[in-house]
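Below, each chain spelled out in residue letters.
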Amino acid sequence: MRRPSAAVGAASGAAKRVRPASRGPGVLAAFRAPLRAPGRGHHCGPLGRAPGSGLQESGAARRGAGTMALRARALYDFRSENPGEISLREHEVLSLCSEQDIEGWLEGVNSRGDRGLFPASYVQVIRAPEPGPAGDGGPGASGAPARYANVPPGGFEPLPAAPPASFKPPPDAFQPLLQPQQAPPPSTFHPPGAGFPYGGGALQPSPQQLYGGGYQASQGSDDDWDDEWDDSSTVADEPGALGSGTYPDLDGSSSGGVGAAGRYRLSTRSDLSLGSRGGSVPPQHHPSGAKSSATVSRNLNRFSTFVKSGGEAFVLGEASGFVKDGDKLCVVLGPYGPEWQENPYPFQCTIDDPTKQTKFKGMKSYISYKLVPTHTQVPVHRRYKHFDWLYARLAEKFPVISVPHLPEKQATGRFEEDFISKRRKGLIWWMNHMASHPVLAQCDVFQHFLTCPSSTDEKAWKQGKRKAEKDEMVGANFFLTLSTPPAAALDLQEVESKIDGFKCFTKKMDDSALQLNHTANEFARKQVTGFKKEYQKVGQSFRGLSQAFELDQQAFSAGLNQAIAFTGDAYDAIGELFAEQPRQDLDPVMDLLALYQGHLANFPDIIHVQKGALTKVKESRRHVEEGKMEVQKADGIQDRCNTISFATLAEIHHFHQIRVRDFKSQMQHFLQQQIIFFQKVTQKLEEALHKYDSV
């Protein structure tokens, strides 16, 4: 299930305004339990929102909240950042479900009828009881005991506030999550991030909301989004777009009567998995013997990468979706172990002609880059924000693949020549790594980015954009697309050893890259300023000597005077060569180091996903040894862990391949440029030397 990133930070002002660092498992379990939909297990709707309830509490729920004995007054403004939280306004009076906070969070209802969590340090409890309307059945003035004292291990009791007796959920409100056979109608679709995630009663959460990755699209002043790029258009809901058609049933037929060849429903769920969300009986009520009484526990940290990436849901057998043949990502066994299957149609892409363009009658300016893929030879033009959008989609979709980082944004000086040139070089490196990755290069969204002419066919561009944003094969479903070598088993101890060795390697490489980058940057600074200045001082001193000799006015010394003056000019020219040289040799090295520092920053999360899967395998084995789990269930967990391990080892192999290729090429280029540089210096000195032959 997708979880928001941990909220960390302190608001300006009093120390009491510090936001709790995270909502621990106890808090999540406490506030999630009363809101689960039947048959959904642990994957429920947003906190404080019953399915089908819309964005506001029902009247009865508000009346129930109004009768609570506990109230609180907001001391500061608080803006909700994650699903399940509610926003507060200073001096606002709230109704509390309990006076006792759990890990710094309270639950209650604000004045707008929104129900959810908020930091306990942001409010002051009003201990005077608030009598409810007559006949409402509100609690008395004495109040009830704290709800969250002595929490039972199985969870918390449902909250007292209940929907009215006449409340009838829509027929499809409690459908199993991940039922792509019935796509939501276009009219109920809301883009991710617009309003509450599960706003409508009939709108089911997307896989990104269930298991999705933790990537948040970067926000900055550089190339801000505008209406032309990200408007309310729903062109992707037209025929042919993802989500608008019908999916085949399990027998291969679709509701429309049209066959869908090459499309298969894959699922990691079974009667032995940790409860089926589609079942009508909660997992804890399944009749079972001693071996089925134990389950592999969930991670306590619900904000970990292993959880947010969907890895935990996949390993525990909760992923289900349709996978087309074209979506399968194949891992094969090569001479050095698992590796990605090669791209049968390799290509490259050039990035040239950065040009400044304007829109809205010159009120907005931006830089456009021309991209020419070798497999189409059709140029397309892209802005930096297009690259940024593509990166967001890829980072969300591929949790075990290192998507290269884009060049950094810059708020000021975006149109300066040096910055544009530097960004273009960074984008060239980025595109080189994208096109050389066997998986990323063939990804539909990347191909759409490279081939769709957004300037001439805006409708097709937006349709592909919406399709990518509604991709269902993300999070836990992404792992369903992985195809591993048949009948190939991995030694988990050997895998763990390789992963630990690679972890040490990345740490050492990161430290070395930082050191080399610092050294190269310092040396380049000296060349541009110090060396140039020192050589020019030497040249000026030689010219001063020549001017002194000219006072002699002897005819036979004129040649010597000219030769000394030429030597001074030669040293001035050498100083200029030093100042210009870093652009040729050191800057490309630092650009490459910056790209690889981005890769190295990605791998801790990738390794964390694989380590989390190994932990689940070890736990399942322990349950088998204790006779608390059936062997078949543990084997299923191990098989899914093997899938993640195959993909992780394949990505590590690809990283080493491109590392050897890139650093070999870059070191050759560096040394060649150094040789050319010193040849130029030698040439200047030889020219000065020959001037003395005629003296």
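So, here's what we can say about the structure. (Residues numbered from 1 in each chain as written. Predicted model: local features only at pLDDT ≥ 70, side-chain atom pairs only at ≥ 80, totals over all residues. Heavy atoms only, no water.)

1. Section: the packing of helix H6 (residues 384–397) against helix H9 (residues 458–469)
Point 1. One way to put it is that H6 packs onto H9 with a least axis distance of 10 Å and a crossing angle of 30°. On the basis of their axis angle, the class for H6 and H9 is roughly parallel. Where H6 crosses over H9, the handedness of that crossing is left-handed. Across from His386, Trp389 and Arg393 in H6, the residues of H9 making contact are Trp461, Lys465, Ala468 and Glu469.
Point 2. Partitioned by chemical class, the residues of the contact of H6 with H9 number 3 nonpolar, 1 polar and 3 charged. (Axes fitted to C-alpha atoms, helices over the stretch in contact; angles between N-to-C directions. Helix = DSSP H or I, 4+ residues; strand = E, 2+ residues; numbered from the N terminus. Parallel < 35°, antiparallel > 145°, perpendicular 65-115°, else oblique. Left-handed = near helix turned anticlockwise from the far one by under 90°. Contact = heavy atoms within 4.5 Å. Nonpolar A, V, L, I, M, F, W, Y, C, P; charged D, E, K, R; others polar.)

2. Observations concerning the sheet that holds strand S1 (residues 71–74)
Point 1. If you walk across this open sheet you meet the 5 strands as S4-S3-S2-S1-S5, and the pairing is antiparallel. Two strands close off the open sheet at either side, each with one partner strand: strand S4 (115–119) and strand S5 (123–126). The average undirected angle you get between the axes of adjacent strands in this sheet is 45°.
Point 2. Taken together, the 4 bridges between S1 and S5 define a ladder with antiparallel strand orientation. Residue pairing for S5: Arg71 is matched across the bridge by Ile126. (Pairing = 2+ DSSP bridges.)

3. Re unusual backbone geometry
Point 1. In this structure, His91 is a non-glycine residue whose phi angle is positive, near 75°.
Point 2. Of note, His91 is situated in the loop between S1 and strand S2 (93–96).
Point 3. For His91, a relative accessible area of 55% translates into the label exposed.
Point 4. The phi dihedral of Gln377 is positive, around 60°, even though this residue is not glycine.
Point 5. Residue class for Gln377 comes out exposed when judged on its relative accessible area of 54%. (Buried < 20%, exposed > 50% of the residue type's maximum accessible area, 1.4 Å probe, protein only.)

4. A look at the sheet that holds strand S13 (residues 482–483)
Point 1. The strand order across the open sheet formed by 3 strands is S9-S8-S13, and the pairing between neighbours is mixed. For this open sheet the edge positions go to strand S9 (337–340) and S13, each flanked by a neighbour on one side alone.
Point 2. The sheet contacts of helix H13 (residues 631–690) involve strand S8 (329–334), S9 and S13, and relative to S9 the element is tilted by about 75°.

5. Focus: the packing of aromatic side chains
Point 1. Applying the stated rule across the entire model yields 22 aromatic pairs.
Point 2. Both rings, one in Phe542 and one in Tyr571, keep their centres 5.7 Å apart while their planes meet at 50°; by these two values the pair is tilted. Note that Phe542 is positioned in helix H10 (residues 492–550) and Tyr571 in helix H11 (residues 558–580), a separation of 29 residues in sequence.
Point 3. Looking at Phe542, the relative accessible area reads 29%, which means it is partly exposed.
Point 4. Here Lys397 stacks its cationic end above the ring of Phe398, 5.6 Å away from the centre of that ring. (Phe/Tyr/Trp six-rings, centres within 6.5 Å; stacked < 30°, edge-to-face > 60°. Lys NZ or Arg CZ within 6 Å of the ring centre and 35° of its normal.)

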